[in-house]
Amino acid sequence: MTLRRLAARGVYWTALENWGYQIATLVVFAVLARLVAPEAFGLIALATVFTSVLKIAADQGMADAIIQRPDIDDEHINGAFWTSVTLGVVLTVLLGTASPVIATLFGDPALGPVLAALSLPLTVSGLS
């Protein structure tokens, strides 16, 4: 395969992944909007704001940094992996610990347990 063809194939699969993710998110959003009460839907949306911001911090670009290195050894890969895992766990613990305080600040006691539960995927994000 030529380099041009490989690049075109990569662009195709990347676009398919991005559009597929967006469409799946839209479908889940529409289904949840129909099934869940507006108060609960708003509560989840508010909690998602916090988890989304922390997910950006958890992703932090370690994979991009590894790919950019001209020479990679196991030490670099292990360091990036364990840094990501540690950061994911730390962010999960921080959000889980701060969730009652955030709930109090927003005046909604139901927000605390939702934030604590939605903080768990931050650890999974670090593992990925």
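Since the model is a prediction, treat every value here as computed from it, not as a measurement. (Residues numbered from 1 in each chain as written. Predicted model: local features only at pLDDT ≥ 70, side-chain atom pairs only at ≥ 80, totals over all residues. Heavy atoms only, no water.)

**A look at a negative patch on the surface**
Then, in step 1: A cluster of acidic residues, Asp71, Asp73, Asp74 and Glu75, forms a negative patch on the protein surface.
Then, in step 2: On the secondary structure map, Asp71 appears in the loop between α3 (62-68) and α4 (74-106).
Then, in step 3: Owing to a relative accessible area of 51%, Asp71 belongs among the exposed residues under this scheme. (Patch = residues over 30% accessible without salt bridge, like charges linked within 9 Å, V, L, I, M, F, W, Y side chains within 5 Å. Areas by Shrake-Rupley, 256 points an atom, 1.4 Å probe, with all protein chains shown as cover. Salt bridge = Lys/Arg side-chain N within 4 Å of Asp/Glu carboxyl O. Lys, Arg positive; Asp, Glu negative; His and termini not counted. Charge placed at Lys NZ, Arg CZ, Asp CG, Glu CD. Helix = DSSP H or I, 4+ residues; strand = E, 2+ residues; numbered from the N terminus. Buried < 20%, exposed > 50% of the residue type's maximum accessible area, 1.4 Å probe, protein only.)

**A closer look at the environment of Ala63**
Then, in step 1: Along the chain, the position of Ala63 falls in helix α3.
Then, in step 2: Since its relative accessible area comes to 51%, Ala63 is described here as exposed.
Then, in step 3: For the pair Ala63 and Pro109, spaced 46 residues apart in sequence, the C-alpha separation works out to 37 Å.

**Some thoughts on the layout of surface pockets**
Then, in step 1: Of the voids in this model, the largest pocket is the one considered here, and its volume is about 690 Å³.
Then, in step 2: For the lining of the largest pocket, the secondary structure elements donating two or more residues are α1 (3-35), α2 (38-59) and α6 (120-127).
Then, in step 3: With nine residues, the single largest contributor to the lining of the largest pocket is α2.
Then, in step 4: Grouping the constituent residues of the lining of the largest pocket by class yields 13 nonpolar, seven polar and two charged.
Then, in step 5: Counted as a void, the second largest pocket has a volume near 350 Å³.
Then, in step 6: Contributing to the lining of the second largest pocket are 15 residues, with Asp59, Met62, Ala63, Ser84 and Ser128 lying nearest its centre.
Then, in step 7: Elements that contribute at least two residues to the lining of the second largest pocket include exactly α2, α3, α4 and α6.
Then, in step 8: Across the lining of the second largest pocket, the residue classes tally to eight nonpolar, five polar and two charged. (1 Å grid on protein atoms, 1.4 Å probe; cavity = no way out; pocket = protein on both sides within 12 Å on 5 of 7 lines; lining within 4 Å. Points joined across faces, edges and corners; volume = space filled by probe spheres on them. Nonpolar A, V, L, I, M, F, W, Y, C, P; charged D, E, K, R; others polar.)

In short, the description is geometric, and any link to function would need to be established separately.
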